[in-house]
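# Overview (structure and organization)
Chain by chain, the residues run as shown.
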Amino acid sequence: MSKVLLHTPVGVRDIYGKECAVKLTIENNINKVFNLYGYHNIQTPTFEFFDIFSKERGSVASKNLYKFFDREGNTLVLRPDITPSIARLAAKYYMDANVPIKLCYNANTYVNTSELQGKLKETTQLGCELINDNSVEADAEIIALVVESIKASGLTEFLVEVGHVDFYNGLIAESGLDEEAEVALREMILNKNDFAVEEILNQNHVTGEVKNAMLKLPELFGSVDVLNTAKDLTSNKKALNAIKRLEKLYAILEDYGVSRYISFDLASLSNYGYYTGIIFKGFTYGTGEQIAAGGRYDKLLSQFGKNAAAIGFAVYMDQIMIAHSGNIQKTDYEYEVIVYEPKFRKYAFSLAGDLRNSGIKTELIPKKKEIDIDEYKKFKLDDGASKVTYVSKDGAVIL
């Protein structure tokens, strides 16, 4: 058999043994937090119609989608992003509902891009969506839930950076930049390339207060004091309203008791074009990538026929796992092993039954003559078993 069959395609990988146990434990802990906050689990299809993630939705670029066709010739894609799928679901099943709808999920996403060299193309996301609530209280609940979810993952040192797309959008509208220039400017801001930002503004004859505010954007990050600094930089009404929203948000987050985990970044932007209000990203040590992200998307559901405000977030499990590297926590998936001589099967079954009735995961293995008992012991302990018991003529002996 060719060894090629043993390899996975570029961008995907196997998760097994202790790592899988840790991943599942963290996922369960995070999902418990979701449920404690009153969010209800849903599942959406792994693949959807292409139009769900089209350019108009502001999701992942078409060239980065995994596309295929069904028998009727419809173009289908593996979901690259959960939010549009949930917007579709909410519009389909909750079209006439006006009260807040709280949903949560655990799902994999698929992005086929060569731009992300060395990064996974299949990733696991856990997240929540709060629909039919446009209030700042909803913003605060979601961010508080982000904090509690990251804490439930076992991480203790992290920050959630919060911004508001209208601060940037207000300045852009005032600057008069065309779409092409704005796209270039956005890229330079995301790359923290201050010189290129200034060059683009000069080339497009942006001057005065709005130019100064844009040049200061990369510096507008840190504690809540940043909001006061930002207010002094502009008289743009849209940008100032964004700051007011963030100030109200912070006051509520103080009441939640999570403000120590919050910082602000008014230059924070997203590759997703559907965000309309606050946006946020979570960061920690051990990984250069965000471990959580989300924001408000009040216009996305209307593209599916339901006029409803919404806000949500996702925790990126693969980055959480990287952050935990070298610090594997105790899992819920520890188990004991009973290896038994066939003639003592009944006793071994009874012993396993007692352990299972006590809630202890127990694996039964009949011993083969050609395999030494030490090999069973080594393999299972290396695999994560907490105890290996050998049932033979000498009784039950812990190895």
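Before reading on, note that the structure itself is shown above.
Residues numbered from 1 in each chain as written. Predicted model: local features only at pLDDT ≥ 70, side-chain atom pairs only at ≥ 80, totals over all residues. Heavy atoms only, no water.

## Some points on the overall build of the protein
Operational definition: Labels follow the DSSP assignment, with helices taken as runs of H or I lasting at least four residues and strands as runs of E lasting at least two, numbered in each case from the N terminus. Any two residues having at least one pair of non-hydrogen atoms within 4.5 Å are treated as being in contact. Each accessible area is a Shrake-Rupley estimate made with a 1.4 Å probe; only the visible protein chains count as cover when residues are assessed. Charge assignment: positive for Lys and Arg, negative for Asp and Glu; neither His nor the chain ends contribute. In this description, the location of a charge corresponds to atom NZ of lysine, CZ of arginine, CG of aspartate or CD of glutamate.
For the protein, the helix and strand inventory stands at 12 helices and 16 strands. Taken along the three principal axes of its C-alpha coordinates, the protein extends 90 × 55 × 50 Å. Nonlocal contacts in the protein, meaning residues at least 24 apart in sequence, comprise 70% of its contacts between residues at least 6 apart. Total accessible area on the protein stands at roughly 20,800 Å², and carbon and sulfur atoms take up 51% of it. Averaging the positions of the 46 positive and the 54 negative side-chain charges in the protein gives two centres separated by 7 Å.

## Observations regarding the environment of D139
Rules: Whether a residue is buried, partly exposed or exposed follows from its accessible area with a 1.4 Å probe, protein chains only, as a fraction of its type maximum: under 20%, in between, or over 50%, in that order.
Residue placement: D139 occurs in helix α3 (residues 136–152). Note on D139: relative accessible area 0%, which makes it buried. Spatially, the C-alpha atom of D139 lies 25 Å from that of I189, the residues being 50 residues apart in sequence. In contact with D139, other than residues within four places in its own chain, are R245, L249, I278, R296 and I311.

## Some details on the side chain of T389
On the secondary structure map, T389 appears in strand β15 (residues 387–392). Residues contacting T389, with those up to four places away along its chain left out, are V337, I338, V339, L351, A396, V397 and I398.

## Re the environment of A97
With respect to the helices and strands, A97 occurs in the loop between α2 (83–93) and β5 (101–110). It is 9.7 Å that separates the C-alpha atoms of A97 and K306, two residues lying 209 residues apart in sequence. The contacts of A97, once residues within four sequence positions are left out, are N132 and K306.

## Topic: the nonpolar core
Convention followed: Nine residue types can take part in a nonpolar core, namely buried Ala, Val, Leu, Ile, Met, Phe, Trp, Tyr and Cys, and a core is a set of them joined through side-chain atoms within 4.5 Å.
Grouped together as the largest cluster of nonpolar side chains are 73 residues, with contacts concentrated most on V160, F167 and L185. It is α3 that contributes the most residues to this core, 10 residues altogether. Sequence-distant contacts of V160, that is, excluding residues within four places in its chain, are made with I143, V146, V147, I150, Y261, I262, S263, F280, K281 and G282. Within the second largest apolar cluster, 31 residues are counted, among which are A90, A91, L301 and A308.

## Observations regarding the pairing of strand β9 (residues 262–265)
Here is the rule we go by: DSSP calls a pair of strands paired once it identifies at least 2 bridges connecting them.
Neither face of β9 is exposed, since I262 and F264 on one face and S263 and D265 on the opposite face are all buried. Sheet analysis places strand β7 (residues 158–164) next to β9, joined by 3 bridges and oriented parallel. By the bridge assignment for β9, E161 is matched with S263. Bridging between strand β8 (residues 221–222) and β9 involves 2 bridges; their strand directions are antiparallel. Residue pairing in the sheet places F221 in a bridge with D265 of β9.

## Thoughts on the pattern of salt bridges
Counted only if it meets this: Each salt bridge in this description consists of a side-chain nitrogen of Lys or Arg and a carboxyl oxygen of Asp or Glu lying within 4 Å of one another.
With the rule as written, the count across this model stands at 15 salt bridges. Salt-bridge contacts for R186 lead to E182; the nearest nitrogen and oxygen are separated by 3.2 Å. Separated by 4 residues within a single helix, R186 and E182 lie in helix α5 (residues 179–190), roughly one turn from each other. Under the relative-accessibility criterion, R186 is labelled partly exposed at 25%. You can call E182 buried: its relative accessible area is 14%. The partner of E247 in a salt bridge is K231, and the shortest N-O contact between them spans 2.8 Å. Placement of E247 in helix α9 (residues 237–256) and of K231 in helix α8 (residues 225–231) is noted, with a sequence separation of 16 residues between them. When its relative accessible area of 29% is taken as the criterion, E247 is described as partly exposed.

## Focus on the sheet that holds strand β13 (residues 336–340)
We count it as follows: Lines fitted to C-alpha atoms define the axes, with helix axes restricted to the stretch in contact, and inter-axis angles between N-to-C directions lie between 0 and 180 degrees.
Taking strand neighbours across the sheet as the criterion, the 4 strands line up as β14-β13-β15-β16 in an open arrangement whose pairing is mixed. Either end of the sheet is taken by a strand with one partner, and the two such strands are β14 (362–366) and β16 (395–398). Going from strand to strand, the sheet's axes swing by 20° on average, the running direction of each strand aside. With 5 bridges connecting them, β13 and β15 associate as parallel partners. Looking at the pairing, E336 lines up with K387 of β15.

## Observations regarding the sheet that holds strand β10 (residues 278–284)
Taken in spatial order, the 9 strands of this open sheet run β1-β5-β6-β12-β11-β10-β7-β9-β8, and their pairing is mixed. Looking at which strands have only one partner, the edges of the open sheet turn out to be β1 (40–41) and β8. Its contacts with the sheet put α2 on β5 and β6 (122–131), and the angle it makes with β6 is roughly 40°. Helix-sheet contacts for helix α4 (residues 165–175) involve β7 and β10, and the interaxial angle to β7 is about 35°.

## Description of the packing of α4 against α9
What counts is decided by this rule: Roughly parallel covers angles under 35 degrees, roughly antiparallel covers those over 145, roughly perpendicular covers 65 to 115, and oblique covers all other angles. Residues are sorted three ways: Asp, Glu, Lys and Arg are charged, Ala, Val, Leu, Ile, Met, Phe, Trp, Tyr, Cys and Pro are nonpolar, and all the rest, Gly among them, are polar.
With their axes 7 Å apart at the nearest point, α4 and α9 run at an angle of 170° to one another. Looking at the two axes, α4 sits roughly antiparallel to α9. Residue-level contacts link D166, F167, N169 and G170 of α4 to K238, A239, A242 and I243 of α9. Along the lines of polarity and charge, the residues of the contact of α4 with α9 split into 4 nonpolar, 2 polar and 2 charged.

## Regarding α5
Just so we agree on the cut-off: Given a helix with a known number of residues, its expected span is that number minus one, times 1.5 Å. Two N or O atoms form a polar contact when they lie within 3.5 Å of each other; inside protein one atom must be a possible hydrogen donor and the other a possible acceptor, and for residues adjacent in sequence the pair counts only when both atoms belong to side chains.
For α5, built from 12 residues, the straight-helix expectation of 16 Å at 1.5 Å per residue is met to within 8% by its first-to-last C-alpha distance of 16 Å. Elements that come into contact with the buried residues of α5 comprise α4, α6 (194–203) and α7 (208–216). The residue sitting at the N-terminus of α5 and contributing the capping side-chain oxygen is D178; that oxygen lies 3.3 Å from the backbone nitrogen of E180. Two residues or fewer after α5 comes K192, characterised by a positive phi angle close to 55°.

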